[in-house]
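Inside the fold
Spelled out from the first residue to the last, the chains are:
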Amino acid sequence: MRQSWRNLLLRLVVPALAAGAPTEAASADTLPWKNSSNALIVDAYELNTIDWNSLVSDKRIAAFISKASDGLPESFSCTGDHAGDTVAHCKTMWRKYAVSRELFQTRRLVARAAGLLWGSYHLARPGNPVDQANHFLEYADPKDDEMMILDLEGIDPQKFMSLEDAQIFAGHIRARTGRYPVLYTNHNTARYIAAYRNDYPVLARLPIWYARYKPDVKGVFPMGNWDNYLMWQFSSGANCSKRRCPYRVPGTLTDIDVNVAPMSRAELAKIWARGNLLPAREPDPPLILAKIEMEPRAGSGMDIAALAPDPIVTSSTPQNQVVRARRDF
């Protein structure tokens, strides 16, 4: 009986896998940053050191994405409840917040003056998703030609914004701006959303900014509604050192995040801020299997967090703010 079940699964899965990814995905899944016609994107958080004169000398860099808001806004008055912080720490966090926001605005002026596309992301935390969406829009003040990104670091709702709340966040951004954000996430989270895409129909149709620090992503795409990645974050402090780095951006240190798009700079500019949902697709056999693998076993006492061994892959956030797991790199 077990052998028959395995044979049935193989008959379902193998034809789907043999169909493979679209042509553009096949040509962009191994070391695509080596292809000089593919656009590169730098993304940074507030503690990344940048020499802008050097950075813009690299003509392959088409865009710059900056961290904007992080969870809910800090308290200016530090009166009442401030998440258990002392008043002194609350005031310190407000000063950090204010300086970071000024740095964000300065970087945008410099990047746009240099002719780079601009984008900004919100680091999604547990808490009211509508308030977080409003915080992001107030902080980033995104223009019509700027990309907006929801940074979803994992599927543990105790550490990160829940998938249900992430859908509310994306919907509120759409209601206020007329555009959806791009979804930034890692392999395991993307695979989970793809497998449960009927449960998360908005998240599963957002263009994906995919984070995985490997030389290739063979066999990953197509995945659910995603024929291919919009951007692939292939380099960060996790796999870049002084001795070896997938790509060195002039004017930056080894902790800078580097991304590639499977298209030219001109092609990327055309779709950069479009903000549309991707077409929906019916579940396919590989994702049915993925869903079975991720389904909690009856009586096991396992929760979602226990089923996700690699919740974090980003280096856009300081390591002391987000726990990093590297098994997937």
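What this report covers is the structure whose coordinates are included nearby. What you see is a predicted model, and the numbers here were worked out from it, not measured in a lab.

1. Regarding the overall build of the protein
A count of helices and strands for the protein gives nine helices and eight strands. When burial is assessed residue by residue, the protein has 49% of its 329 residues classed as buried.

2. A few points about the packing of aromatic side chains
The tally for this structure, following the rule as stated, stands at 13 aromatic pairs. Between Phe64 and Trp118, the aromatic rings sit 5.7 Å apart at their centres with planes inclined by 15 degrees, giving stacked as the arrangement. With Phe64 in strand β2 (residues 61–70) and Trp118 in strand β3 (residues 117–123), the pair connects residues that are 54 residues apart, well separated along the chain. Note on Phe64: relative accessible area 0%, which makes it buried. Trp118 gets classed as buried once you look at its relative accessible area, which sits at 1%. Here the aromatic rings of Phe104 and Trp118 are separated by 5.4 Å at their centres, their planes lie at 70 degrees, and the arrangement is edge-to-face. Here Trp118 lies in strand β3 and Phe104 lies in helix α4 (residues 87–113), a separation of 14 residues in the sequence. Taken together, the ring pairs in this structure connect Trp33, Tyr210, Phe221, Tyr229, Trp232 and Phe234 into an aromatic cluster. A cation over a ring is seen here: Arg101 above Tyr139, with NZ or CZ 5.5 Å from the ring centre.

3. Topic: the side chain of Ser66
Of note, Ser66 is situated in strand β2. For Ser66, a relative accessible area of 2% corresponds to the buried category. Sequence-distant contacts of Ser66, defined by excluding residues within four places in its chain, comprise Ala44, Phe104, Arg107, Trp118, Gly119, Ser120 and Tyr121.

4. Examining the packing of helix α5 (residues 129–140) against helix α6 (residues 163–177)
The interhelical angle for the contact between α5 and α6, taken along N-to-C directions, is 45 degrees, at an axis separation of 8 Å. It follows that α5 is oblique to α6 by the angle criterion. Remark: the crossing between α5 and α6 carries right-handed chirality. Taken together, the residues of α6 that come into contact with α5 (itself represented by Pro129, Val130, Gln132, Ala133, Asn134, Phe136 and Leu137) are Asp165, Ile168, Phe169, His172, Ile173, Arg176 and Thr177. Of the residues that constitute the contact of α5 with α6, the class distribution is eight nonpolar, four polar and two charged.

5. Looking at the pattern of salt bridges
Taken as a whole and assessed by the stated rule, the structure comprises eight salt bridges. Asp145 is the partner of Arg112 in a salt bridge, and the nearest nitrogen-oxygen pair spans 2.7 Å. Here Asp145 lies in the loop between α5 and β4 (147–151) and Arg112 lies in helix α4, a separation of 33 residues in the sequence. The class of Asp145 is partly exposed, set by a relative accessible area of 40%.

6. Points about the state of the cysteines
Under the defined criterion, the tally for this structure stands at one disulfide. Across the disulfide, Cys240 is cross-linked to Cys245 (sulfur-sulfur distance 2.0 Å). Because the sign of the S-S torsion sets the handedness, a value of about -105 degrees for the bond joining Cys240 and Cys245 places this disulfide among the left-handed ones. Across the pair, Cys245 and Cys240 agree in class, each one buried.

7. Looking at the nonpolar core
Ranked by internal contacts, the top residues of the largest apolar core, which has 59 residues, are Leu55, Phe64, Leu152, Leu203 and Trp226. Apart from the residues within four sequence positions on either side, Trp226 is in contact with Leu183, Ala190, Ile193, Ala194, Leu203, Ala204, Leu206, Pro207, Ile208, Phe221 and Leu278.

8. Topic: unusual backbone geometry
Peptide bonds are trans in most cases, and residues, glycine excluded, mostly fall at negative phi. With an omega of 5 degrees, the peptide bond running from Phe221 to Pro222 counts as cis. For Pro222, the location among the structural elements is in the loop between β6 (208–211) and β7 (231–235). With a phi angle near 45 degrees, Leu31 is a residue other than glycine that sits in the positive phi range. For Leu31, the position within the fold is in the loop between α2 (23–26) and β1 (40–44). Phi is positive for Asp141, which is not a glycine, with a value near 45 degrees.

Rules used in this analysis
Residues numbered from 1 in each chain as written. Predicted model: local features only at pLDDT ≥ 70, side-chain atom pairs only at ≥ 80, totals over all residues. Heavy atoms only, no water. Helix = DSSP H or I, 4+ residues; strand = E, 2+ residues; numbered from the N terminus. Buried < 20%, exposed > 50% of the residue type's maximum accessible area, 1.4 Å probe, protein only. Phe/Tyr/Trp six-rings, centres within 6.5 Å; stacked < 30°, edge-to-face > 60°. Lys NZ or Arg CZ within 6 Å of the ring centre and 35° of its normal. Contact = heavy atoms within 4.5 Å. Axes fitted to C-alpha atoms, helices over the stretch in contact; angles between N-to-C directions. Parallel < 35°, antiparallel > 145°, perpendicular 65-115°, else oblique. Left-handed = near helix turned anticlockwise from the far one by under 90°. Nonpolar A, V, L, I, M, F, W, Y, C, P; charged D, E, K, R; others polar. Salt bridge = Lys/Arg side-chain N within 4 Å of Asp/Glu carboxyl O. Disulfide = S-S within 2.5 Å. Core = buried A, V, L, I, M, F, W, Y, C linked by side-chain atoms within 4.5 Å.

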